[in-house]
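Take a look at the letters that make up each chain.
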Amino acid sequence: MEGWGLWACREAGPPHLPGSPIVRQIRQDCAEPFAAFERCLHENQAAVGNCTEHVNRFLLCAERVKPSA
């Protein structure tokens, strides 16, 4: 079973994705793990595989996001 965040992104499709409520919620709720992932990528440009844990933390966070009621 895939998480709601991933399902919502797939359902929204690319044209609506940037402004969709679930994407805004993910940006808000998962800002810290995403920032850590982004820092890791910047610091490991030659070895992005070093950032696997960071991306996994962000994806786990995004999977747990529920749409606002």
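Enquirer: Describe in detail helix H2 (residues 21-29), supporting the description with residues and values.
Expert: When we look at burial in H2, the residues that qualify are Ile 22, Val 23, Gln 25 and Ile 26. All buried residues of H2 project into a common sector of 160° when viewed along the axis, lining one side. Exposed residues lying more than 90 degrees from the buried face of H2 are Pro 21, Arg 27 and Gln 28.

Enquirer: Run through the state of the cysteines, naming residues and quoting values.
Expert: Under the counting rule described, the total for this entry stands at two disulfides. Note that Cys 30 is cross-linked by a disulfide to Cys 61, the S-S spacing being 2.0 Å. Residues Cys 30 and Cys 61 are joined through a disulfide that is left-handed, its torsion about the S-S bond being -90°. Pair noted here: Cys 30 is in the loop between H2 and helix H3 (31-43) and Cys 61 is in helix H4 (residues 52-64), with a separation of 31 residues, a long-range link. Here Cys 40 pairs with Cys 51 through a disulfide, and the sulfurs are 2.1 Å apart. Disulfide Cys 40-Cys 51: torsion about the S-S bond near -95°, hence left-handed. With Cys 40 in helix H3 and Cys 51 in the loop between H3 and H4, this pair connects stretches of sequence that are 11 residues apart. Overall, Cys 40 belongs to the buried group, its relative accessible area being 5%. The connectivity of the disulfides in the chain is 1-4, 2-3, where the numbers refer to bonded cysteines in sequence order.

Scoring rules and cut-offs
- Residues numbered from 1 in each chain as written.
- Predicted model: local features only at pLDDT ≥ 70, side-chain atom pairs only at ≥ 80, totals over all residues.
- Heavy atoms only, no water.
- Buried < 20%, exposed > 50% of the residue type's maximum accessible area, 1.4 Å probe, protein only.
- Helix = DSSP H or I, 4+ residues; strand = E, 2+ residues; numbered from the N terminus.
- Arc of directions from axis to C-beta.
- Disulfide = S-S within 2.5 Å.

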